[in-house]
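Listed here are the chains, written in short residue letters.
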Amino acid sequence: MTRLLRARALAVRGGGVAGCLAAYFAIGAVARVDAAAPRLALAAIGFLCGSLGSALLWLGDHVFDRVAVSDRWRRQRSTPPPDRRV
């Protein structure tokens, strides 16, 4: 089981490295594009890949940890909407 968890942690961190590399190449390509729309799209892709990649690289396997959720934010049982007939 320990080997499986270690492999999962390495896979998640590897995905983080891949995301950071994708961000590096996307932002590097921004300077070579002349049109405005592809430039904006490449910048957005670079930002998203960089954010996700750095989060996966930093957190690693702890991305899958369970966290406590306050009662205020837990899902409530669905109740029918109140009757609003006038």
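On a predicted model such as this, the values are computed, not experimentally measured, just so you know. (Residues numbered from 1 in each chain as written. Predicted model: local features only at pLDDT ≥ 70, side-chain atom pairs only at ≥ 80, totals over all residues. Heavy atoms only, no water.)

Caption draft 1: Focus on the side chain of D61. Mapped onto the elements of the fold, D61 is located in the segment after helix 2 (36–59). Among the residues examined, D61 registers a relative accessible area of 18% and is labelled buried. Setting aside residues no more than four positions away along its own chain, D61 makes contact with L5, R8, A9 and V12. (Helix = DSSP H or I, 4+ residues; strand = E, 2+ residues; numbered from the N terminus. Buried < 20%, exposed > 50% of the residue type's maximum accessible area, 1.4 Å probe, protein only. Contact = heavy atoms within 4.5 Å.)

Caption draft 2: Region of interest: the pattern of salt bridges. Per the counting criterion, the structure on display carries 2 salt bridges. Of the charged contacts, one joins D61 and R8 as a salt bridge, the two residues approaching to 2.9 Å between their closest N and O atoms. Of the two residues, D61 is situated in the segment after helix 2 and R8 in helix 1 (residues 2–30); the sequence distance between them amounts to 53 residues. When the shortest N-O distance is used, the salt bridge between R74 and D71 registers 3.6 Å. The class of R74 is partly exposed, set by a relative accessible area of 45%. (Salt bridge = Lys/Arg side-chain N within 4 Å of Asp/Glu carboxyl O.)

Caption draft 3: Representation of the packing of aromatic side chains. In this structure the tally under the stated criterion is 1 aromatic pair. Centroid distance Y24 to F25: 5.4 Å. Interplanar angle 75 degrees. Geometry classified as edge-to-face. We classify F25 as exposed; its relative accessible area is 55%. (Phe/Tyr/Trp six-rings, centres within 6.5 Å; stacked < 30°, edge-to-face > 60°.)

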